Amino acid sequence: TLPNGLIMKFGRLTTSGNGAKTITFGSPFPTAVISVQAIGNGAGSETISFIIVGTPSTTQLQVGVADSNGNTGVYWQAIGY
């Protein structure tokens with residue numbers, strides 16, 4: 001929790017295969033999520049595409065993943081209050 005009352009959560013989703021993957025926060029945001037960022041993490045020449053799917057809730061968000069080798073990771077960060 002930041003001094004201004006905002007809460008920051010972050011982590012890494014490790015996945016294999018393509019499709020929508022759900023990230024569940026360890027504890028829910030009390031009120032709302034106001035910002036979500038994500039970045040792909042592949043190995044070597046691996047090609048990763050991903051997108052935040054839908055509107056994140058106070059308990060989870062979904063990431064759509066398309067991966068050339070079927071094994072990837074997505075670092076994510078969510079900010080809310």
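Preceding this paragraph is the structure being described.
Residues numbered from 1 in each chain as written. Predicted model: local features only at pLDDT ≥ 70, side-chain atom pairs only at ≥ 80, totals over all residues. Heavy atoms only, no water.

Visitor: Could you give an account of the side chain of K21, with specific residues and numbers?
Guide: Structurally, the position occupied by K21 is in strand β2 (residues 19-24). Judged by its relative accessible area of 17%, K21 falls in the buried class. Among residues more than four places away in sequence, those in contact with K21 are L13, T15, S16, L61, Q62, V63 and V65. (Helix = DSSP H or I, 4+ residues; strand = E, 2+ residues; numbered from the N terminus. Buried < 20%, exposed > 50% of the residue type's maximum accessible area, 1.4 Å probe, protein only. Contact = heavy atoms within 4.5 Å.)

Visitor: Before we move on, could you go through the side chain of K9 and cite the residues and values that matter?
Guide: Residue position: K9 is located in strand β1 (residues 7-16). With relative accessibility at 14%, the residue K9 sits in the buried group. Separated by 2.9 Å, the side chain of K9 and the backbone oxygen of S27 make a polar contact. Apart from residues lying up to four places away in sequence, K9 is in contact with F25, S27, P28, F29, W76, Q77 and A78. (Polar contact = N/O pair within 3.5 Å; in protein donor to acceptor, adjacent residues only side chain to side chain.)

Visitor: Report on the environment of T59, specifying residues and quantitative values.
Guide: Looking at where T59 falls in the secondary structure, it is placed in the loop between β4 (48-53) and β5 (60-67). We classify T59 as partly exposed; its relative accessible area is 36%. Through-space distance from the C-alpha of T59 to that of G26 is 8.1 Å; in sequence the pair is 33 residues apart. Among all residues touching T59, those that are not within four sequence positions of it are I23, T24, F25 and P28. One polar contact links T59 to S57, side chain to side chain, over a distance of 3.1 Å.

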